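# Structural features, examined
Chain by chain, the residues:
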Amino acid sequence: MRKSSARFVKSAKQASDFPRDRKPEIAFCGRSNSGKSSLLNVLTNSRGLARTSSSPGRTQLINFFLIDETTYYVDLPGYGFAKVPKGIREAWGEMVEGYLRNREPLKLAILLVDSRVPPMQSDQVMKEWLDHFGIPSLVALTKCDKISRNELSKALRTCAETLQTKEIIACSATTGFGKEAILKKIHDVIDRNPTQ
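All figures in this text were calculated on a predicted structure; none of them were measured in a lab. (Residues numbered from 1 in each chain as written. Predicted model: local features only at pLDDT ≥ 70, side-chain atom pairs only at ≥ 80, totals over all residues. Heavy atoms only, no water.)

### Some details on unusual backbone geometry
- You will see that arginine 22, though not glycine, has its phi angle at about 65 degrees, which is positive.
- The residue arginine 22 is located in the loop between strand 1 (6-12) and strand 2 (25-30) in this model. (Helix = DSSP H or I, 4+ residues; strand = E, 2+ residues; numbered from the N terminus.)

Right, here's the structure in full:
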């Protein structure tokens, strides 16, 4: 399943700025260093679509990317990065919660968790938000090329137990491992829940 086109549409901070064409949306959320931009680029075969940075916390708005003119991939601001000022962190939280709470076209949220680090409290809070708002979710266990098979098996178990989910796909933006499985999940969710 190859994506034929992907383009940045807009950045937004409030509902009035969001796209209004009601195309289905897939949100990507996670800690600031979880690899959201890298995964977005791999899924869309677009090396520079989402900006990657060695300085976590660079995404400060909600970014909308239109995929094949049919679906939005939505890059949410990362959380859990201590060097970001408290006021900005709080504003991000309100912005993200507002999006998750009210966004009707949202069909799936992909929660990225670094496979090298057990899920943190912020990851648990995000998963609880998704469950509370009734948003289908998938955990993408990222950077799995950087750990051994045994470590990956342990990380999958820990993540499943901590976040209380069976919907987990291990992946690597470096090798492309897990890419097709994530795309299939996105495709299946949109087919089951088309936007009216």
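### A few points about the pattern of salt bridges
- Counted by the stated rule, this structure contains twelve salt bridges.
- The shortest N-O distance in the salt bridge between aspartate 75 and lysine 36 comes to 2.8 Å. Of this pair, aspartate 75 sits in strand 4 (residues 71-75) while lysine 36 sits in helix 1 (residues 36-43); the two residues are 39 residues apart in sequence, bridging distant segments of the chain.
- Bridged by salt links that share partners, the residues Asp114, Arg116 and Lys143 form one connected network. (Salt bridge = Lys/Arg side-chain N within 4 Å of Asp/Glu carboxyl O.)

### Quick look at the environment of phenylalanine 18
- Within the element layout of this structure, phenylalanine 18 appears in the loop between strand 1 and strand 2.
- Phenylalanine 18 gets classed as buried once you look at its relative accessible area, which sits at 6%.
- As for phenylalanine 18 and arginine 103, which are separated by 85 residues in sequence, their C-alpha atoms are 9.3 Å apart.
- What phenylalanine 18 contacts, discounting residues up to four positions off in sequence, is Lys10, Ala12, Ile62, Phe64, Tyr99 and Arg103. (Buried < 20%, exposed > 50% of the residue type's maximum accessible area, 1.4 Å probe, protein only. Contact = heavy atoms within 4.5 Å.)

### A few points about the packing of aromatic side chains
- One pass over the structure, following the stated rule, counts six aromatic pairs.
- Consider the rings of phenylalanine 18 and phenylalanine 64, whose centres lie 5.4 Å apart with planes at 50 degrees: the pair is tilted. One end of the pair, phenylalanine 18, is in the loop between strand 1 and strand 2; the other, phenylalanine 64, is in strand 3 (residues 62-67), and 46 residues separate them in sequence. The two residues phenylalanine 18 and phenylalanine 64 agree in class, both being buried.
- When the centroid spacing of 5.6 Å and the interplanar angle of 80 degrees are considered together, the rings of phenylalanine 18 and tyrosine 99 count as edge-to-face. (Phe/Tyr/Trp six-rings, centres within 6.5 Å; stacked < 30°, edge-to-face > 60°.)

### Overview of the sheet that holds strand 6 (residues 137-142)
- The seven strands lie next to each other as 1-3-4-2-5-6-7, forming an open sheet whose pairing is mixed. Where the open sheet ends on each side, the last strands, each with one partner, are strand 1 and strand 7 (168-170). Here the average twist between neighbouring strands, direction ignored, is 25 degrees.
- Direction of pairing for strand 1 relative to strand 3: antiparallel, over a ladder of six bridges. Bridge pairing in strand 3 places lysine 10 opposite phenylalanine 64. (Pairing = 2+ DSSP bridges. Axes fitted to C-alpha atoms, helices over the stretch in contact; angles between N-to-C directions.)

### Focus on the nonpolar core
- By size, the foremost hydrophobic cluster in this structure holds 33 residues, and its most contacted members are Ile62, Phe64, Val74, Leu76, Tyr99, Leu100 and Met126.
- Setting aside residues up to four positions removed in sequence, isoleucine 62 forms contacts with Lys10, Ser11, Ala12, Phe18, Val74, Asp75, Leu76, Pro77, Met95 and Tyr99. (Core = buried A, V, L, I, M, F, W, Y, C linked by side-chain atoms within 4.5 Å.)

### A closer look at the pairing of strand 3
- The element strand 3 is extensively covered by neighbouring structure, given that six of its six residues are classed as buried.
- Of the two faces of strand 3, the one holding Ile62, Phe64 and Leu66 and the one holding Asn63, Phe65 and Ile67 are both buried throughout.
- Where strand 3 and strand 4 come together, five bridges link them in antiparallel fashion. Each bridged residue has a counterpart across the sheet, and for leucine 66 the counterpart in strand 4 is tyrosine 72.
- Here strand 3 hands over to strand 4 after three residues, with aspartate 68 in that stretch at a positive phi of 55 degrees.

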